[in-house]
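# Overview (structure and organization)
The lines below spell out each chain.
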Amino acid sequence: MTTPAPAPSSTPATTAAPRNLRPMVGVLTAMAISLTGTRVSAIALPWFVLATTGSATMTGVVAFAELAPYVLVKALAGPVIDRIGPRVVSWSTDAVSAVAAGLVPLLHGLGLLPFWLLVVMVAVIGAARGPGDLAKEVMVPEAAERGRIPLERATGLSGVTERLATTIGPAVGGGLVALLGPMAGLTANAIAFALGSVVIAVALPGGTGRAAALPPSAAGEERPAGYWQLFREGFAFLRGEPLLLTIIVMIAVTNLLDAAFLTVLVPVWARESGGGPAAIGLTGTVWGVAAVVGSLIAAAVAHRLPRRTVFFAGFLLCGAPRFVVLALDVPMSVVVVVFVLSGFGAGFINPILGAVLFERVPRHLLGRVNALGDSLAWAGIPLGGLLAGAAVTMSGLIPVLLACGGLYLVATTLSGLRPEWREMDRKRGHAPAAAADASSGPEEKAPVPSAPPAPAPVTAE
């Protein structure tokens, strides 16, 4: 029976083992590289499809082809990650993504890339990227424990990494596409996946990212680790957590709208406004810079803030205003200001959300609950681009932007009236009871048992 890594504490643990920041640096570096490549591809791929087909509908089809396998495979990957360990899953799936992403520009250069084959390659990338992203998330709490980093700060650093990728990726992607064409952006994505795989496989210290141990049965015997048994346990736990379910449902709606915004609405707006790829890169970059600032502030002071108030204020800033400003005939400077405010608000969401979720799920359920929660929160994302492409074709860009902005505002205000949200501030720093039983093995013990991460559904940006 594999001994699990000690659960991270909400405060730095006092232990005889020396502090080791290398796991956290390694995991965050791999996250930054792979997410940056993905953000570059998020500009290059839609622009490539629009440039070669001129069809918003086909652009939505390609987005669906990547995100549907992403969500489905990620949902099923939790028991595998718990069984064989997140480190192996991370580097191996990133290697598969690198090969598939590299074949796209290669086949296009050889004139051997029909539309159906592009869809297949994109689907392979999505299917591999889902477990790879999840595996990196699963390694964050162990890295936090080894570095004696509080959970709130580790969550904030992870959010900063994501926001940095959101900042750098659009800037690099917009520049590459404008100067060298979309295939340069897709090549950069393949290189990023390869580097991320190498970082996880080589740079992390030995023992990081091991398989999680299952708690013993009532008779004290090790339980059989059947795949569907593991899957059912994760599902049963999530079903019994009203706050987590409420969070997931709300973010599933906002993720669908964010996917529509990023994969179809922004590229179509950039083409119709004359801004081109540079406008996509500019808006994405200023949004990302502001989100990094917000995430850094949240990482520093999130433990002192009223979570529910800040959470919904962040959504009020980052949601509807982006859609509305693109529907108006305003100067680019106004668009930039709105995206700056939107990004700043978004920077507070994931650090606070992540800290809440870390407090509620026992360590032995980490991979499974993370996989199910992420996948349910992302369930609408594959449909976002598909529905947006069809809606723009039927009704035009401006009506779709206004409708999506209105839906975003309703989803993030009405759900806040539910009573479950009162639980956001009630378990600060407290682990679920099962975590202590499941997370302390005979070889290593955390002096202060704490909550491992639950699923961290995030906005699509």
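Residues numbered from 1 in each chain as written. Predicted model: local features only at pLDDT ≥ 70, side-chain atom pairs only at ≥ 80, totals over all residues. Heavy atoms only, no water.

## Description of a nonpolar patch on the surface
Residues V289, V293, I297, L317, V337, L341 and F344 make up a contiguous nonpolar surface patch of roughly 540 Å² in combined accessible area. If you list the elements that add at least two residues to the nonpolar patch, you get α10 (276-301) and α13 (332-346). Counting through the fold element by element, I297 comes out in helix α10. (Patch = residues over 30% accessible without salt bridge, like charges linked within 9 Å, V, L, I, M, F, W, Y side chains within 5 Å. Areas by Shrake-Rupley, 256 points an atom, 1.4 Å probe, with all protein chains shown as cover. Salt bridge = Lys/Arg side-chain N within 4 Å of Asp/Glu carboxyl O. Helix = DSSP H or I, 4+ residues; strand = E, 2+ residues; numbered from the N terminus.)

## Side note on the packing of helix α4 (residues 86-109) against helix α7 (residues 182-203)
The geometry of α4 relative to α7 is characterised by a closest axis approach of 8 Å and an angle of 160° between their N-to-C directions. For the element pair α4 / α7, the angle class is roughly antiparallel. Here α4 and α7 pass one another in a crossing that is left-handed. Contact with α4, carried on its side by R87, S90, W91, D94, A95, S97, A98, A101, G102, V104, P105 and H108, involves M183, L186, T187, N189, A190, F193, A194, G196, S197, I200, A201 and V202 of α7 and no other residues of that element. (Axes fitted to C-alpha atoms, helices over the stretch in contact; angles between N-to-C directions. Parallel < 35°, antiparallel > 145°, perpendicular 65-115°, else oblique. Left-handed = near helix turned anticlockwise from the far one by under 90°. Contact = heavy atoms within 4.5 Å.)

## Some remarks on the packing of helix α2 (residues 56-76) against helix α16 (residues 381-395)
Contact geometry of α2 with α16 gives a least axis separation of 6 Å together with a crossing angle of 170°. With respect to each other, α2 and α16 are oriented roughly antiparallel. Contacts between α2 and α16 involve A56, T57, G60, V61, F64, L67, A68 and V71 from the first element and I381, P382, L383, G385, L386, G389, A390 and T393 from the second. Across the contact of α2 with α16, the residue classes break down as eleven nonpolar, five polar and no charged. (Nonpolar A, V, L, I, M, F, W, Y, C, P; charged D, E, K, R; others polar.)

## Section: the pattern of salt bridges
All told, the structure shown has seven salt bridges when counted by the stated rule. E66 is paired through a salt bridge with R129; the nearest N and O atoms lie 3.3 Å apart. On the criterion of sequence distance, the pair formed by E66 in helix α2 and R129 in helix α5 (residues 115-146) is long-range, its members being 63 residues apart. By the burial criterion, E66 is buried, and R129 matches it. (Buried < 20%, exposed > 50% of the residue type's maximum accessible area, 1.4 Å probe, protein only.)

## Examining the nonpolar core
By size, the foremost hydrophobic cluster in this structure holds 82 residues, and its most contacted members are L118, L265, F311 and L326. Element by element, the count of residues in this core is highest for helix α9 (residues 242-273), at 16 residues. If we skip the residues at most four places from it in the chain, L265 touches A260, F323, A388, V392, L397, V400, L401 and C404. In terms of nonpolar packing, the next biggest core, distinct from the first, is built from 16 residues, M24, V27, A144 and I200 among them. (Core = buried A, V, L, I, M, F, W, Y, C linked by side-chain atoms within 4.5 Å.)

## Concerning unusual backbone geometry
A positive phi angle is found at R148, which is not glycine, with a value near 55°. Summarising the element assignment, R148 is placed in the loop between α5 and α6 (151-180). What makes R148 partly exposed here is its relative accessible area of 26%.

## Quick notes on α16
In this model, α16 (15 residues) spans 21 Å end to end at C-alpha, consistent with the 21 Å of a helix rising 1.5 Å per residue. For α16, the set of buried residues is I381, P382, G384, G385, A388, G389 and V392. Looking at the buried residues of α16, the elements they touch are α2, α9 and α17 (397-414). Looking one or two residues beyond α16, the residue adopting positive phi is G396, at roughly 95°. (Expected span 1.5 Å × (residues − 1).)

## A few points about the side chain of T59
Inspection of the secondary structure puts T59 in helix α2. Owing to a relative accessible area of 5%, T59 belongs among the buried residues under this scheme. Engagement of the side chain of T59 in a polar contact is seen with the backbone oxygen of S55, the distance being 2.9 Å. Sequence-distant contacts of T59, defined by excluding residues within four places in its chain, comprise P46, V49, L50 and T263. (Polar contact = N/O pair within 3.5 Å; in protein donor to acceptor, adjacent residues only side chain to side chain.)

## Overview of the packing of aromatic side chains
Under the criterion given, the structure shown has six aromatic pairs. Ring centres of F344 and F348 lie 5.3 Å apart, and the angle between their planes is 70°; on these two criteria the pair is classed as edge-to-face. Exposure remark for F344: the relative accessible area of 32% places this residue in the partly exposed category. Ring-pair connections join several aromatic residues into one group, and the members of that group are F261, F323, F339 and Y408. Positioned over the ring face of F261 is R322, at 4.8 Å from the centre of the ring. (Phe/Tyr/Trp six-rings, centres within 6.5 Å; stacked < 30°, edge-to-face > 60°. Lys NZ or Arg CZ within 6 Å of the ring centre and 35° of its normal.)

## Focus: the environment of G294
Secondary-structure assignment places G294 in helix α10. A C-alpha to C-alpha distance of 7.6 Å links G294 and G343, two positions 49 residues apart in sequence.

## Topic: the confidence of the model for the chain
On average, residues of the chain score 78 in pLDDT, and 83% of them are at 70 or above. Per-element confidence in the chain is highest for helix α12 (residues 320-327), whose mean pLDDT is 93, and lowest for helix α18 (residues 433-439), whose mean pLDDT is 39. Every residue in residues 1-16 scores below 50 in pLDDT, and together they form 57 contacts with partners more than four places removed in sequence or on other chains. Segment residues 431-461: pLDDT under 50, and 108 contacts once partners within four positions in sequence are set aside and those in other chains are kept. (pLDDT = per-residue confidence, 0-100.)

## Some remarks on the environment of F348
Within the secondary structure layout, F348 lies in the loop between α13 and α14 (349-358). For F348, a relative accessible area of 12% corresponds to the buried category. Note: C-alpha distance between F348 and F311 (37 residues apart in sequence) is 6.9 Å. With residues up to four places along the chain from it excluded, the contact list for F348 reads G294, I297, A298, L305 and V310.

## Let's talk about the side chain of S55
Inspection of the secondary structure puts S55 in the loop between α1 (22-53) and α2. Judged by relative accessible area, which is 18%, S55 ranks as buried. A polar contact of 3.0 Å, which involves the side chain of S55, links it to the backbone nitrogen of M58.

## Considering the environment of I297
The exposure class of I297 is partly exposed, given its relative accessible area of 35%. Spatially, the C-alpha atom of I297 lies 9.7 Å from that of F344, the residues being 47 residues apart in sequence.

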